[in-house]
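What the coordinates show
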Amino acid sequence: MAENKLKRAIIVVIDGLGIGELPDAPEYGDAGSHTLDNTARAVGGVKLETLASLGLGNIEGVESIEKADFPEGAYGRMLETSVGKDTTTGHWEIAGVVTKTPFATFPDGFPDDIKARFAAETGSDYLWGRPASGTEIIKRFGEEHLSTGRLIVYGSADSVFQIAAHEDVMPLEKLYGLCAVMRELLDGYNICRVVARPFTGPPGSFRRTEERKDFSVPPPGETLLDRLRERGVPVVGIGKLGDIFAHRGFSEELRAGNDTEVLEATLSAMERYDEGLIFSNMVDCDTLYGHRNDPSGYARSLEAVDRRLKEIKERLGPGDVFVVTADHGCDPTTPSTDHSREYVPLLICGEGVKKGAALGTRRSFSDLGRTLGEVFGVGAAGEGEPFLGELTGERAG
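Structure report, in brief. Because the structure is a prediction, the values reported are computed rather than measured. (Residues numbered from 1 in each chain as written. Predicted model: local features only at pLDDT ≥ 70, side-chain atom pairs only at ≥ 80, totals over all residues. Heavy atoms only, no water.)

Secondary structure assignment for the chain yields 13 helices and 14 strands. Computed over its C-alpha atoms, the radius of gyration of the chain comes to 21 Å, within 12% of the 21 Å expected for a compact globule of 397 residues. Buried positions account for 59% of the 397 residues belonging to the chain. Long-range pairs, those at least 24 residues apart, make up 67% of the contacts in the chain between residues at least 6 apart in sequence. For the chain, the exposed surface amounts to about 15,600 Å²; the carbon and sulfur share of it is 46%. In the chain, 44 positive and 64 negative side-chain charges are present, and the distance between their average locations comes to 1 Å. (Helix = DSSP H or I, 4+ residues; strand = E, 2+ residues; numbered from the N terminus. Rg over C-alpha atoms; globule rule 2.2 N^0.38 Å. Buried < 20%, exposed > 50% of the residue type's maximum accessible area, 1.4 Å probe, protein only. Contact = heavy atoms within 4.5 Å. Areas by Shrake-Rupley, 256 points an atom, 1.4 Å probe, with all protein chains shown as cover. Lys, Arg positive; Asp, Glu negative; His and termini not counted. Charge placed at Lys NZ, Arg CZ, Asp CG, Glu CD.)

Right under this line is the structure:
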């Protein structure tokens, strides 16, 4: 894949698809985590024909997927060097920015001065204000929220300030507006994301909607997306990618609330863009099943993703490279309902990719962004080590 032959790259991030604990996982409370293998073990196996054909089962540490005799792509795994295990740090690192200073978390609850700022903006304080499961917290406080109008605020193991509101109490646009204001007010607290969490339904049947919206701090350094956009290369973000990068570096953003919509938007973007970067996030495994400790749901969701990825692979052209990876783990079989500190898969295919190329263990997610920057000819973004020669079997240049 010489530099002048690559026209388009499609990256699909399967949110939360970890493939084994990192060496420092015990420091994060994640010893023993292996999202893929533990899920497969819990449900009696998962059928992932597309991912297996690309070499998922050939990656070091993966035992639940059969090895391919002749993988159709290059395969390996990546280690996160950023401090953290959340969506933002994972995606930023893929794009070349390593987070070296951890974002603030509040395991004992948000401080009083944050509550005071919230009250000044809304006219009342909030319900809860500590880490919680999003589905459980609306069950617990949803009825009180409806009767009093007080909003539900909660955190997690990630650096987030989440505001849950019933749409009958606070319409979407008003909730988004409040989150935008709180994003600005919380900048001094080093909180990564403010998240709008709308829900609907009557007491006993509350349901979170797909209108979630994240208000993130921008990446602190130049990303691959920035370099591509500055040089006139189209960059399309699909799903929550725009939110993750604070809407920076994109030519177009396509919002999508679930995996089906993300895949349809990805296929649509492939029809409309014959060059550039198409960057998608598949969120269902993580949001709907990993965080809810539902291995059966996780397995079904992952198998559904695998079937649709085949459609993307079949539509690749001669100037395309297709990448499947993840941003962190989210093991549904462990007591924790939070993300897990794990290796992530690195699967790459395309006409110019050497089939069966073993990429080993990459020491940073940013190796991927650095490599794509090299093959697009836009130069380096970040500190990663490119693997172009291993990917193609030829030297770059």
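Moving on from the coordinates now.
Let's shift gears to the pairing of strand β4 (residues 152-155). With burial as the criterion, each face of β4 is covered, one bearing Ile-152 and Tyr-154 and the other bearing Val-153 and Gly-155. By the bridge criterion, 4 bridges tie strand β3 (residues 127-131) to β4 in an arrangement that is parallel. Along β4, the bridge assignment pairs Arg-130 with Tyr-154. Handedness of the crossover joining β3 and β4 through helix α5 (residues 134-148) is recorded here as right-handed. Where β4 and strand β5 (residues 160-166) come together, 3 bridges link them in antiparallel fashion. Its bridge partner being in β5, Tyr-154 is matched across the sheet by Gln-162. Linking β4 back to β5 in an antiparallel pair, the connection comprises 4 residues. (Pairing = 2+ DSSP bridges. Right-handed = clockwise from strand over helix to strand, strands pointing away.)

By size, the foremost hydrophobic cluster in this structure holds 87 residues, and its most contacted members are Leu-36, Leu-309 and Ile-348. Every residue in contact with Leu-36, bar those within four places of it in the chain, is listed here: Leu-17, Gly-18, Ile-19, Val-46, Leu-48, Leu-56, Val-62, Ser-64, Ile-65 and Leu-302. (Core = buried A, V, L, I, M, F, W, Y, C linked by side-chain atoms within 4.5 Å.)

A few words now on the packing of helix α1 (residues 35-43) against helix α11 (residues 295-314). Between two packed helices, what matters for the description is the angle formed by their axes and the separation of those axes. Direction vectors running N to C along α1 and α11 enclose 110°, while the axes themselves pass 9 Å from each other. On the basis of the axis angle, α1 is roughly perpendicular to α11. In the packing of α1 onto α11, the handedness of the crossing is left-handed. Contacts between α1 and α11 involve Thr-35, Leu-36, Thr-39, Ala-42 and Val-43 from the former and Pro-295, Ser-296, Tyr-298, Ala-299 and Leu-302 from the latter. The residue makeup of the contact of α1 with α11, split by class, is 7 nonpolar, 3 polar and no charged. (Axes fitted to C-alpha atoms, helices over the stretch in contact; angles between N-to-C directions. Parallel < 35°, antiparallel > 145°, perpendicular 65-115°, else oblique. Left-handed = near helix turned anticlockwise from the far one by under 90°. Nonpolar A, V, L, I, M, F, W, Y, C, P; charged D, E, K, R; others polar.)

What follows is about the pairing of strand β13 (residues 344-349). Among the 6 residues that make up β13, 6 are buried, leaving the element largely enclosed by the rest of the structure. Of the two faces of β13, both are covered, the one formed by Val-344, Leu-346 and Ile-348 as well as the one formed by Pro-345, Leu-347 and Cys-349. Examined bridge by bridge, strand β2 (residues 74-78) and β13 share 5 bridges and lie antiparallel to one another. Bridge assignment links Gly-76 to a residue of β13, and that residue is Leu-346.

Take the sheet that holds β2 next. Across a sheet, strands are paired by hydrogen bonds formed along the backbone, either parallel or antiparallel in direction. Taken together, the 8 strands give an open sheet; going across it, the order is β10-β9-β11-β1-β12-β13-β2-β14, and neighbouring strands pair in mixed fashion. The sheet is open, and its two edges are formed by β10 (252-254) and β14 (358-362), each paired on a single side. Shown here is a sheet whose adjacent strand axes are inclined to one another by a mean of 15°, direction ignored. Taken strand by strand, helix α3 (residues 87-94) contacts β1 (8-14), β11 (276-282) and β12 (320-325), and its axis lies near 160° from that of β11. Strands in contact with helix α12 (residues 366-376) are β1, β2, β11, β12, β13 and β14; relative to β1, the strand with the most contacts, it is inclined by about 165°.

Our focus in this paragraph is the environment of Gly-242. One can find Gly-242 in helix α8 (residues 241-244). Measuring from C-alpha to C-alpha, the distance between Gly-242 and Leu-254 comes to 8.3 Å, with 12 residues separating the pair along the chain. Excluding residues within four positions of it along the chain, Gly-242 makes contact with His-247, Phe-250 and Glu-253.

In terms of residue burial, α12 counts as a mostly covered element, since 9 of its 11 residues are buried. What α12 keeps buried is the set Ser-366, Asp-367, Leu-368, Gly-369, Thr-371, Leu-372, Gly-373, Val-375 and Phe-376. Immediately downstream of α12, the backbone of Gly-377 shows phi near 80°, a positive value.

Glancing now at the packing of aromatic side chains. A full pass over the atoms with the stated rule returns 10 aromatic pairs. The interplanar angle of 75° and the centroid separation of 5.2 Å between the aromatic rings of Phe-118 and Tyr-126 together place this pair among those described as edge-to-face. Residue class for Phe-118 comes out buried when judged on its relative accessible area of 0%. Ring pairs connect the aromatic residues Phe-106, Phe-110, Phe-118, Tyr-126 and Phe-161, which therefore count as one cluster. The ring of Tyr-176 carries the charged tip of Lys-213 above its face, separated from the ring centre by 5.1 Å. (Phe/Tyr/Trp six-rings, centres within 6.5 Å; stacked < 30°, edge-to-face > 60°. Lys NZ or Arg CZ within 6 Å of the ring centre and 35° of its normal.)

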